[in-house]
Amino acid sequence: MEMKETKRTPPNGLSHFVDIHEVPEEEEEEEEDKDERKRNKPTKAADHKEKRMSNKPMKLHEVKRQNQNFGRQVSLETGFSVLNGDKKGRKTALPRSGNSFGGFGSADRREAETRKGDFNMFRTKSSLVKQNSLLPFRKESGIDSHYNDASCGLDDSINKSVPAGRYFAALTGPELDQVKDSEDILLPKDKKWPFLLRFPIGCFGICLGLSSQAILWRALASSPATRFLHIPPLINLSIWLLALSVLVAVSITYTLKCAFYLEAVKREYFHPVRVNFFFAPSVVCMFLAIGVPPCIAPGNLHPAVWCVFMAPIVFLDLKVYGQWLSGGKRRLCKVANPSSHLSVVGNFVGAILAAKVGWMEAGKFLWAIGFAHYLVVFVTLYQRLPTSEALPKELHPVYSMFIATPAAASIAWGAIYGEFDGLARTCFFIALFLYCSLIVRINFFRGFQFSVAWWSYTFPMTTASIATIKYAEQVPCVISKGLALSLSLMSSTMVSVLLVSTLLHAFWWQTLFPNDLAIAITKRRQGGKEKKPIKKAYDIRRWTKQSPLSLVSGIRKQNSADKDGDEVEN
Amino acid sequence: MEMKETKRTPPNGLSHFVDIHEVPEEEEEEEEDKDERKRNKPTKAADHKEKRMSNKPMKLHEVKRQNQNFGRQVSLETGFSVLNGDKKGRKTALPRSGNSFGGFGSADRREAETRKGDFNMFRTKSSLVKQNSLLPFRKESGIDSHYNDASCGLDDSINKSVPAGRYFAALTGPELDQVKDSEDILLPKDKKWPFLLRFPIGCFGICLGLSSQAILWRALASSPATRFLHIPPLINLSIWLLALSVLVAVSITYTLKCAFYLEAVKREYFHPVRVNFFFAPSVVCMFLAIGVPPCIAPGNLHPAVWCVFMAPIVFLDLKVYGQWLSGGKRRLCKVANPSSHLSVVGNFVGAILAAKVGWMEAGKFLWAIGFAHYLVVFVTLYQRLPTSEALPKELHPVYSMFIATPAAASIAWGAIYGEFDGLARTCFFIALFLYCSLIVRINFFRGFQFSVAWWSYTFPMTTASIATIKYAEQVPCVISKGLALSLSLMSSTMVSVLLVSTLLHAFWWQTLFPNDLAIAITKRRQGGKEKKPIKKAYDIRRWTKQSPLSLVSGIRKQNSADKDGDEVEN
Amino acid sequence: MEMKETKRTPPNGLSHFVDIHEVPEEEEEEEEDKDERKRNKPTKAADHKEKRMSNKPMKLHEVKRQNQNFGRQVSLETGFSVLNGDKKGRKTALPRSGNSFGGFGSADRREAETRKGDFNMFRTKSSLVKQNSLLPFRKESGIDSHYNDASCGLDDSINKSVPAGRYFAALTGPELDQVKDSEDILLPKDKKWPFLLRFPIGCFGICLGLSSQAILWRALASSPATRFLHIPPLINLSIWLLALSVLVAVSITYTLKCAFYLEAVKREYFHPVRVNFFFAPSVVCMFLAIGVPPCIAPGNLHPAVWCVFMAPIVFLDLKVYGQWLSGGKRRLCKVANPSSHLSVVGNFVGAILAAKVGWMEAGKFLWAIGFAHYLVVFVTLYQRLPTSEALPKELHPVYSMFIATPAAASIAWGAIYGEFDGLARTCFFIALFLYCSLIVRINFFRGFQFSVAWWSYTFPMTTASIATIKYAEQVPCVISKGLALSLSLMSSTMVSVLLVSTLLHAFWWQTLFPNDLAIAITKRRQGGKEKKPIKKAYDIRRWTKQSPLSLVSGIRKQNSADKDGDEVEN
């Protein structure tokens, strides 16, 4: 029906506005990030209202060319591009609207070249004040108050957070990084986006993989269990420096993304899988602190290091676990996925670092938090409730996340309580069994496209190796040492392979950063089959009846609305 | 449709009987409390049958005025009021039926004044034997055996327990204490009910709050960690005496409620939230035993104290946990709510008391029970399964229950195993993190109406304070002592504030005990939209065809049934 | 509709093929046993393809009598019977098809007498190679490639595993051993099947019960806590020998079943309840090794014993837990049932044996695996998620499984860590509470029909008794010893009662092995209401339009399809 109508669209492209309004209200409420919205309310509320108002008149009147362009861009691009004076963006706005909402897909590639301004919708907001100056003009038109309810969803599609259910509905794949065929996205699929928009938070996974290797090689060099190998500490140092430099590079890049594309970062934060990667930077820092070469930091680390690195983790803990427990739609039974382990493992890593700086009780505190939530995540993931839609049917590297948390818990318990006792062993053996459970599956690392996120799946292997070395210190026998050695070898090999792949993808094939489609999903479902066609037809009818100013498009729409109605009623 | 039909009702109000019978069978089965029903079967079964029989003839014949009145009251009031010779109740029975079932709401306030007899439906049963004497008379009418299936639901609406799903369907709010707008209740909303009916089991929460304070101040006075404060033991004594006197008062009142309004007590027992408060009296007793001032009980307590106080808890454990695990509809994934912690915390408190009386192994037994079920409740609540409907979207004081159980578990483990080891610390830190997690939420204690149940939400804070004092004994440093002190201060402040509010509500505003709507929900859904209109129409048709005695009402019903059918088939 | 159409069926019975194809695709995918299918792919894939091809032409043409017979038998009996030259089977194939698929039920009992060949469908495959020789002939027909999607489900109904959801849909009862009334089964209900087909995997439960008794009587004879009883070690020896001989007998019988009816064994393996009994043989062996009389094996056992007995358990662990965690439809929240405990308890038993042979670390490894999965199973079962359909409403002996795992975990922790510490006691007391929780339910062992599976419900009682003896060793007092004694007595009594019942059922009434209906369910739902009639009608239309060769049946089907469509559209 959507498609049928677009065929009847006149070439001026204006009637796409109609399509926008036909989108029915979705049931999903955006209750998330309530705190944030509360804080921003004073400015945002006014901002929303202004945009809704500014949007309507053009759709009803369809008179002034200038207004039309403005309205189009406000609704799609949240009103940023209209103010940067980008003439190109202004000209091509309407065709792109057709691309995004009408469902034409890659209809005309020619125009895609000229759509630079689109990416502005993910830009950091900085020009809201200027828009407000246009408010009085629109207020006078006076006929827009009727349609607030119909239009409030789409216009502020960027301002409000995308609900968690929307990500599950629009995306697919174990990492929720592929857009479903039925979905349209806000940005053009067929051209390369700006680099910063294509730079996902998952890149911190590279640092996770490298910094954990630094710890591994430090342990191999210094542990009594592997002393017979005579590993030079130089390896630790070089990997550590490499990890540090990569961390600096990635951090700077992502900071730039935060600075320029804060909206895109926010969308990553609301992504049920990606949000867990926001724990990664702090975890990497702690990994680097734990694996610091003895020549760089000979003595104990200062507790301040721990405080600085733990602060973001504790903040995110309170935020994320609070979302699970209370309020909103991000209930754990819905958002749980293997990468949720990442949001738990930080506590155990913090506990290890706490033991290193000598704050045992702080470590025990973190271990307790981590353990309580690990328990919940573990049970939830093992149950594979029907509500957790993200869990892949096939095995996938993301499942290696299962190994990381018990292994880290085991090391942490041994470190903070000073003995590798029953509980530490239990955690270690659970990690070991899950490791076995994954490597006996043949199709583990096959048939999946390489992505930066793969790096995150190496640090569990490394953590398991380190835990095995700790275990081999306690139970020094051939089997434990052999296991420690082989696991270390496996993880190092995997990291090397990934390093080479990453370099090849980055510099040879230049495909390391494809368009990050996951952040560009529409806030509400566009195209495809509508859920409530009756309501839709009704809305259109009311719309056409109440607006005396829309003559041509109104009649045309009346027809299509009737057809909709007929189709529905039959 | 329901409403439409009531308009066509003749003014004599008799056709309300028809409405009653049109209510379709709900899918929810009342399998709960099977044991109890079994025990009562010999008397109850006969009783049910008798009432069904006694009920039908009047609805079919509509001849004898006397019989009509009897049938009406039997169906609504379970046949108690008819026998106490209350003439007023007899006269006003029919109009009240209109109020409850016809959906008129507060149509005529004048009549509400005369409905004293209504409250009798929650009275303790004592006159069942006399009713049975009417049995032979009814058996002879002979036409009622056909309609047992259609009528067995409503007539014994009090005799059988209200199913758990009904509470979730009819009530709302985190404490399931508000009746949904679409629901009608059995008792008049617009007048004050008898005091005992308005006295909820949640009043034991007051004792919980006070008696835990007694323990806290005993610990503050005697613990080496807080010895520097020089707290006089007199505070412990005075709070303890206050708590004891409140407990005595509340116990006496609730015992009176049990004596006079056993049906209301039963309804509280089947309430998914309230049932947990049935653990409270024993917990309060144990709190008082634990916090007994040294001047009153200088030596160790006698194990008999523990036995007496634990018996109800173990009995309820077997009952409640058995319901979760096996049989019936009260599956944990459905009834789990934060106040379920109350049903777990009793075991840990029992373990602490067991340690105090010297029965370590009994304490370990209780701790194990408590821990196993705490684990299940904790995971279930954290997952927030879509089936657990009671969980509030917004944060609510009831969430403080999350703190109580791990804190009590920590104290108990330390007491029964003699050392505050890794497990005790883990539990303690989990409690501490959950505490933090709650206090960082801004809207924690705002925007909620005061109710007696709030008291129950203070004892978790007190328990956490006591656990912190125990921790500060183990790890005596500024931070731990400061934490213990500030948490104690917070909990005492909260209790003081609540004490003042309660006194104000009780004696100044006299609004401490509003009508306890939650216990007066109808056993089956009345009014609103029906779920199975086809079945309904069919049932009515069959009814009209099979009963040759119902002429006038039969034809009227045939019409409405046809209309139902048409509405459905279109 | 299905039924209506069968009335229009011409008497030659051929149009049943049409019925077969009208069965809509079920949503449940058969992703299980992926590994196995992969291994078999080279031969199976070709085999499937061949059968699909070989199947279609006949359905379209309906010309050659010979082909018809072949196609029929391939689709129902997976092509085994057609090659063993069983003329009887060939003749009766079509009527039996009517019985199985047309929904006639037990229409004509006369024919049931001649259906000897039916049992062959569960025979071990051995003749797949010969069938492939027919492949080229069918490939030439050339019109079948269109319909692969429609037919691939039914034809290989035995080759592919029955999906887990199918078992839940077709079977009922807590052991999923009764066929629902609406279901038809592949084998005749009204005659006795071959003994091996009636011999379920649950028979190993007999060995479980007896071998655990051997351990109990060894513990009673040797434990310091029960030394005062002066139990002669002869009892241990005699029970042990009895258990060993029963194990040998059962093993041989089941090995024969594996050899002759591998397909039936596979169906037991895919049965959500029965799969757990595949752990039983190894557990029995380990029980026998643990309870070996001192006179037979005076010293420590050799670790090789442990390796041999543990190998199948670890293999099954990896398989079963992997299914829970990843891939396929056998998600834990769906397949969890009390007998899942059986798949966990093996690890703890293995840990006990590991402690006995001196491999403590291996024991700790097993304990960790067991504990992690016990946790998940325990929480899942306690929650009673709406998805786990197998959980019985009423209490049932199968609930005794709840006791086994914590009791075994307690013994194992005590054995491998050398002390019966807090964790061991917690596990033990959890088992004890669950035991109490079950015995206070009155209807525990009443109203259920005896079956061999009951034996499996005795070993939890025995395990609890042994754990109590271990506990009484640690806490030697009257209560603990009395508890140990009474629990031992109860479990021995229960085993004696069951032994007598079993002997009576086996030799007196000869009803020990009824027809094992659970393995003979159809792979897809037959008869009853169809789920997707629209899709069905559409498929048939497409089918009739695209195949120019099907004239007569095409027109007949067009009619029925139109009728379907009308029915749906109205």
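This section reports on the structure supplied with the text.

The rules behind each value
Residues numbered from 1 in each chain as written. Chains lettered and ligands numbered in written order. Predicted model: local features only at pLDDT ≥ 70, side-chain atom pairs only at ≥ 80, totals over all residues. Heavy atoms only, no water. Contact = heavy atoms within 4.5 Å. Buried area = accessible area lost by both parts, 1.4 Å probe. Salt bridge = Lys/Arg side-chain N within 4 Å of Asp/Glu carboxyl O. Polar contact = N/O pair within 3.5 Å; in protein donor to acceptor, adjacent residues only side chain to side chain. Least-squares fit on C-alpha atoms with pLDDT ≥ 70 in both. Helix = DSSP H or I, 4+ residues; strand = E, 2+ residues; numbered from the N terminus.

**Observations regarding the interface of chain A and chain C**
Line of reasoning, step 1. Contacts between the two partners involve 30 residues from chain A, matched on the other side by 37 residues from chain C.
Line of reasoning, step 2. Approximately 3,000 Å² of surface area, both sides summed, lies buried where chain A meets chain C, with 63% of it carried by carbon and sulfur atoms.
Line of reasoning, step 3. Sorting the residues of chain A by area buried against chain C places Tyr382(A), Arg384(A) and Phe433(A) first, and these three jointly supply 26% of that buried surface.
Line of reasoning, step 4. At the surface where chain A touches chain C, the tally comes to 1 salt bridge.
Line of reasoning, step 5. Where Glu361(C) meets Arg425(A), a salt bridge forms, and the shortest distance between an N and an O atom there is 2.6 Å.
Line of reasoning, step 6. Put simply, chain A and chain C have 10 residue pairs in polar contact (both at pLDDT 80 or more) between them.

**Examining the relation of the copies chain A and chain C**
Line of reasoning, step 1. Of the two same-sequence chains, chain A is brought onto chain C (RMSD 0.1 Å, axial shift 0.0 Å) by a rotation of 120 degrees. Considering both components of the superposition, the chain copies are consistent with a three-fold axis. When each C-alpha of chain A is compared by its distance to the rotation axis, Val379(A) comes out closest, at 4.5 Å.
Line of reasoning, step 2. When the interface residues of chain A are mapped onto chain C, a mere 13% of them are again interface residues, pointing to distinct binding faces.

**Regarding the interface of chain B and chain C**
Line of reasoning, step 1. Taken together, the contact between chain B and chain C spans 37 residues of the former and 30 residues of the latter.
Line of reasoning, step 2. Interface area, chain B with chain C, both sides summed: about 2,900 Å², of which 63% is carbon and sulfur.
Line of reasoning, step 3. When the buried area of chain B at its contact with chain C is split by residue, Leu318(B), Leu325(B) and Arg331(B) rank highest and sum to 23% of it.
Line of reasoning, step 4. Taken together, the connections running from chain B to chain C amount to 1 salt bridge.
Line of reasoning, step 5. On the surface where chain B and chain C come into contact, there are 8 residue pairs in polar contact (both at pLDDT 80 or more).
Line of reasoning, step 6. Mapped by element, the contributors of at least two residues to the side of chain B that touches chain C are helix H3 (34-61), helix H16 (303-325), helix H17 (332-335), helix H19 (360-383) and helix H20 (401-417) of chain B.
Line of reasoning, step 7. Considering every element that reaches the side of chain B that touches chain C, the biggest residue donor is H19(B), with 13 residues.

**A word on the side chain of Ser492(C)**
Line of reasoning, step 1. Position of Ser492(C) relative to the elements: it lies in helix H23 (residues 478-508).
Line of reasoning, step 2. Not counting residues within four places of it along the chain, the set of residues in contact with Ser492(C) comprises Gln213(C), Leu216(C) and Trp217(C).

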